[in-house]
Amino acid sequence: MNARGTAEQRHVPVLRDRILDLLAPALAEPGSVYVDGTLGMGGHAEAVLQRCPNARVVGIDRDTEALELAGARLAAFGDRFTPVHAVYDEVADVLDDLDLPQVQAVLFDFGVSSLQLDEADRGFAYAQDAPLDMRMDQTRGITAAEVLNTYDAADLERILKEYGEERFARRIAGAIVRERVKEPFTTSARLVELLRAAVPAASQKSGGHPGKRTFQALRIEVNQELEAIATALPAAIDALAVGGRIAVLSYHSLEDRLTKRVLAAGARSSTPAGLPVELPEHAAYLRLLTRGAEEPGAAEIEANPRAASARLRAAERTRATKGHTA
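Figured I'd write up the structure that's included with this text. Quick caveat: nothing in here was measured; it's all calculated off a predicted structure.

1. A word on the packing of aromatic side chains
Scanning the model with the defined rule gives three aromatic pairs in all. Both rings, one in Phe108 and one in Phe110, keep their centres 5.4 Å apart while their planes meet at 10°; by these two values the pair is stacked. A relative accessible area of 1% places Phe110 in the buried class. Aromatic ring contacts, followed pair by pair, group Tyr88, Phe108 and Phe110 into a single cluster. The ring of Phe185 has Arg190 sitting right over it, with the charged end atom 4.2 Å from the ring centre.

Printed below as a string of structure tokens:
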């Protein structure tokens, strides 16, 4: 057992029952395939395996420790569970390698996982001093420290503004560039100290911890999260069989905006304006299953505070499109 506890002890899956209600109708037939694009510690996957006895699960995660924990949690399900070490934007390649041209359900649970937040040595949490790593897959890619120590002021300002929606991006970027000349950044405590000095006190009172937005921006940059989402969502929808369903959990406005855009595009006709009839190839190929973005209830947030910012959207595939088999 992992020294920090089992997956069951460490993770509460967000909106589990609602996600099951949305996806289970697509997983009733023998041979149905559910793809968990962000397996984490396996909470949603376990619930699907329990509730949908005809389904098999393909669990994708870039975090090797998450795969180890989830594998232990789901071992009892035998060959109904297949773990895969990959990033969720590689979903098309994963399914191709497994000879699965179509699947019946997909879940993406974006953002940083409980596993990553809880482990101080990963550097995701601004409340604990740790090496500035922030890689979800520690086997590849640049670290947050490398971003801080090598990006020029303009690029730092851009990622803080775009990914962190940080009002004081220019001021913070300038401070980082000045401070790293004295000594490179290696740990989160020094970055938090800089942010406390750079963000005006009045903003800290009204806007929460001064590290929140900068740490989010660094994490998104290090893991190329928005680019991955922009690739993963269309690829997953393309893999859905007609009648298949996709559910997406987002935790900040950038993720949710991307999700909304992709699902909405599939749920409306693309028939050019002025045509008297809708051409079949321009008809919507998705049906939205949620009205806007659904949020957890008060009871769930009280039991699991990390669920507070979650937003859930879901859709069903209604027809085949070009290059897509029914």
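2. Here's the deal with the nonpolar core
Looking at soluble globular proteins, one finds that nonpolar side chains tend to be buried together. Residues Val35, Phe108, Ile172, Leu191 and Ile246 are the most contacted members of the largest nonpolar core, which totals 62 residues. In this structure Phe108 touches Gly37, Thr38, Tyr88, Ala232, Leu233, Ala236, Ile246, Ala247, Val248 and Leu249, once residues within four positions along its chain are discounted.

3. Things to note about the pattern of salt bridges
All chains considered together, the criterion is met by 20 salt bridges. The closest approach of N and O atoms between Glu46 and Arg73, which form a salt bridge, is 3.1 Å. Of this pair, Glu46 sits in helix H3 (residues 43–51) while Arg73 sits in helix H4 (residues 64–74), and the two are 27 residues apart along the sequence. In this pair, the class of Glu46 matches that of Arg73, namely buried. The salt bridge involving Glu157 is made with Arg170; its shortest N-O contact spans 3.2 Å. With Glu157 in helix H8 (residues 153–164) and Arg170 in helix H9 (residues 169–182), the pair connects residues that are 13 residues apart, well separated along the chain. Given a relative accessible area of 14%, Glu157 falls into the buried group.

Conventions used here
Residues numbered from 1 in each chain as written. Predicted model: local features only at pLDDT ≥ 70, side-chain atom pairs only at ≥ 80, totals over all residues. Heavy atoms only, no water. Phe/Tyr/Trp six-rings, centres within 6.5 Å; stacked < 30°, edge-to-face > 60°. Buried < 20%, exposed > 50% of the residue type's maximum accessible area, 1.4 Å probe, protein only. Lys NZ or Arg CZ within 6 Å of the ring centre and 35° of its normal. Core = buried A, V, L, I, M, F, W, Y, C linked by side-chain atoms within 4.5 Å. Contact = heavy atoms within 4.5 Å. Salt bridge = Lys/Arg side-chain N within 4 Å of Asp/Glu carboxyl O. Helix = DSSP H or I, 4+ residues; strand = E, 2+ residues; numbered from the N terminus.

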